[in-house]
Amino acid sequence: TSFGFKEVKEDEKSQMVGNVFSSVASNYDLMNDLMSAGLHRLWKDRLVSELNPFPGMKHLDVAGGTGDVAFRILESINSTRRRALQDVSEDGLQEETQIYVCDINPNMLNVGKKRAMERGLGENQSLIWVEGDAEALTFDNNSMDGYTIAFGIRNVTHIEKALAEAYRVLKRGGRFLCLELSHVDIPVFKDLYDYYSFSIIPAVGELVAGDRESYQYLVESIRRFPPQETFASMIADAGFQKVEYENLVGGVVAIHSGLKL
Ligand code: SAM
């Protein structure tokens, strides 16, 4: 692409991503907590509060295998509903919320389904698990109120295709939100962060998951991902309006958003 971050050959990249996530799926939660010092939970909370979920919404969470984002959306909707129920009779609240969790890797989806069961959400009709590729979604045009992707777009082979698909499936007025590891541009903090990512993460990966290479790859994929401004213009190029981003922890992660108008 014109952005120059495609150093890994495409088929090699998809294969790598497959391997990485098959290997990390079972250690996934532990590694996330360790590597982010538990912060990924707050970042996902922030993503979902930005989304402002509502009862009856149709939402698509892409690369959402673990269910982390979907569970939060559901919890947020349920607390809205509980508040609403205090005011009106239940008859008026028959909306059918649908939260689709789409992931290319069945192992990750299984981790998510297992976690749904542990949370007592195993039979929840609102959660729908779909194996699929962000670049070629199987959902209809203009069918979703919201689209989220958390720590996923970085692994997609053609980011532009994933953005075009996000735009296609969203309804007019629908919101695109992306949480992703991004770029730190603050002196001294950047050096510390570089040291952390290049030295500590692969070492922890080896120690805890017995897999240094996969975590090395994750760190490199963060570096290859376009910086905040570049990614924002890619989102705008896909057709989105009011594109904005918010840096968290000095750009360690960023939340990008856009509206389909
Ligand atoms: N969203 C979850 C979270 O934040 O905990 C999982 C993030 S995990 C780091 C990245 C996920 O992206 C993996 O489950 C992987 O299978 C999925 N993935 C990678 N490429 C994909 C693609 N092209 N389409 C859909 N999912 C993809």
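Residues numbered from 1 in each chain as written. Predicted model: local features only at pLDDT ≥ 70, side-chain atom pairs only at ≥ 80, totals over all residues.

**Quick look at the overall build of the protein chain**
Thought 1: The helix and strand inventory of the protein chain stands at nine helices and seven strands.
Thought 2: When the 261 residues of the protein chain are sorted by exposure, 36% land in the buried category.
Thought 3: By sequence separation, contacts in the protein chain at least 24 residues apart represent 74% of the contacts at least 6 residues apart. (Helix = DSSP H or I, 4+ residues; strand = E, 2+ residues; numbered from the N terminus. Buried ≥ 20, exposed ≤ 12 C-beta atoms within 10 Å, placed from the backbone. Contact = placed C-beta atoms within 7 Å.)

**Structural notes on the UniProt feature "binding site: S-adenosyl-L-methionine" (unreviewed entry) in the protein chain**
Thought 1: The feature "binding site: S-adenosyl-L-methionine" (unreviewed entry), as annotated in UniProt, sits at T66, D103, D133 and A134 in this numbering.
Thought 2: Looking at where D103 falls in the secondary structure, it is placed in strand β2 (residues 98-103).
Thought 3: Assessed through the 26 C-beta atoms surrounding it within 10 Å, D103 is described here as buried.
Thought 4: Those residues in contact with D103 that sit more than four places away from it in its chain are A63, G64, G65, M108, L109 and E131.
Thought 5: Inspection of the secondary structure puts A134 in the loop between β3 (127-131) and β4 (144-150).
Thought 6: Excluding its chain neighbours within four sequence positions, the residues that come into contact with A134 are V62, A63, I149, G152, V156, A162 and E165. (UniProt positions renumbered as here; feature names shortened; annotations may be inferred.)

**Here's the deal with the sheet that holds β3**
Whenever strands of a sheet pair, they do so through backbone hydrogen bonds, lying parallel or antiparallel.
Thought 1: The strand order across the open sheet formed by seven strands is β3-β2-β1-β4-β5-β7-β6, and the pairing between neighbours is mixed. This sheet does not close on itself; its edge strands, each paired only once, are β3 and β6 (241-248). Between one strand and the next, the sheet's axes are offset by a mean angle of 15°, whatever the strand orientation.
Thought 2: By the bridge criterion, seven bridges tie strand β5 (residues 170-181) to strand β7 (residues 253-259) in an arrangement that is antiparallel. Paired with C178 across the bridge in β7 is H256.
Thought 3: Where helix α6 (residues 159-169) meets the sheet, it contacts β1 (58-62), β4 and β5, and its direction lies at approximately 145° from that of β5. (Pairing = 2+ DSSP bridges. Axes fitted to C-alpha atoms, helices over the stretch in contact; angles between N-to-C directions.)

**What to know about helix α2 (residues 28-36)**
Thought 1: Along α2, the residues classified as buried are Y28, M31 and M35. One side of α2 carries all its buried residues, which in axial view fall inside an arc of 65°.
Thought 2: One or two residues past the end of α2 sits A37, with phi positive at roughly 55°. (Arc of directions from axis to C-beta.)

**Describing the packing of helix α7 (residues 189-209) against helix α8 (residues 212-224)**
Thought 1: Where α7 meets α8, the axes come as close as 7 Å, and the angle between the chain directions of the two elements is 150°. Here α7 is positioned roughly antiparallel relative to α8, judged by the angle of their axes. Considering only the axes of α7 and α8, their crossing is right-handed. Here S197, F198, I201, P202, G205 and E206 of α7 lie close against α8, whose contacting residues are R212, S214, Y215, Q216, V219 and I222.
Thought 2: Within the contact of α7 with α8, the residues separate by chemical class into six nonpolar, four polar and two charged. (Parallel < 35°, antiparallel > 145°, perpendicular 65-115°, else oblique. Left-handed = near helix turned anticlockwise from the far one by under 90°. Nonpolar A, V, L, I, M, F, W, Y, C, P; charged D, E, K, R; others polar.)

**Topic: the nonpolar core**
Thought 1: Counting residues in hydrophobic clusters, the biggest one holds 47 residues, and the most contacted among them are L47, A70, I73, Y147, F176 and L179.
Thought 2: With residues near it in sequence (within four places) discarded, I73 still touches V48, L51, P53, H59 and I99.
Thought 3: Grouped together as the second largest cluster of nonpolar side chains are six residues, Y28, M35, M108 and V111 included. (Core = buried A, V, L, I, M, F, W, Y, C linked by C-beta atoms within 7 Å.)

**Observations regarding the confidence of the model for the protein chain**
Interpreting fine coordinate detail is not advised for predicted regions of low pLDDT.
Thought 1: Across the protein chain, the average pLDDT comes to 89, with 87% of residues at 70 or higher.
Thought 2: Residue range residues 1-8 is modelled with pLDDT below 50. Its contacts to residues more than four positions away, or to other chains, number nine contacts.
Thought 3: Complex prediction metrics read pTM 0.88 and ipTM 0.99. (pLDDT = per-residue confidence, 0-100.)

**Considerations on the site of the ligand**
Thought 1: Near the ligand, the surroundings consist of 21 residues, among which A63, G65, N105, M108 and A134 are the closest.
Thought 2: Elements that contribute at least two residues to the shell around the ligand include exactly α1 (10-24) and α4 (68-87).
Thought 3: Residues of the shell around the ligand, tallied by class, amount to eleven nonpolar, six polar and four charged. (Near = placed C-beta within 6 Å.)

**Focus: the pairing of β7**
Thought 1: Most of β7 sits inside the fold, with six of its seven residues counted as buried.
Thought 2: Bridge count for β6 against β7 is six bridges, and the pairing is antiparallel. By the bridge assignment for β7, Q241 is matched with L259.
Thought 3: What sits between β6 and β7 in their antiparallel hairpin is a turn of four residues, with V249 showing a positive phi close to 50°.

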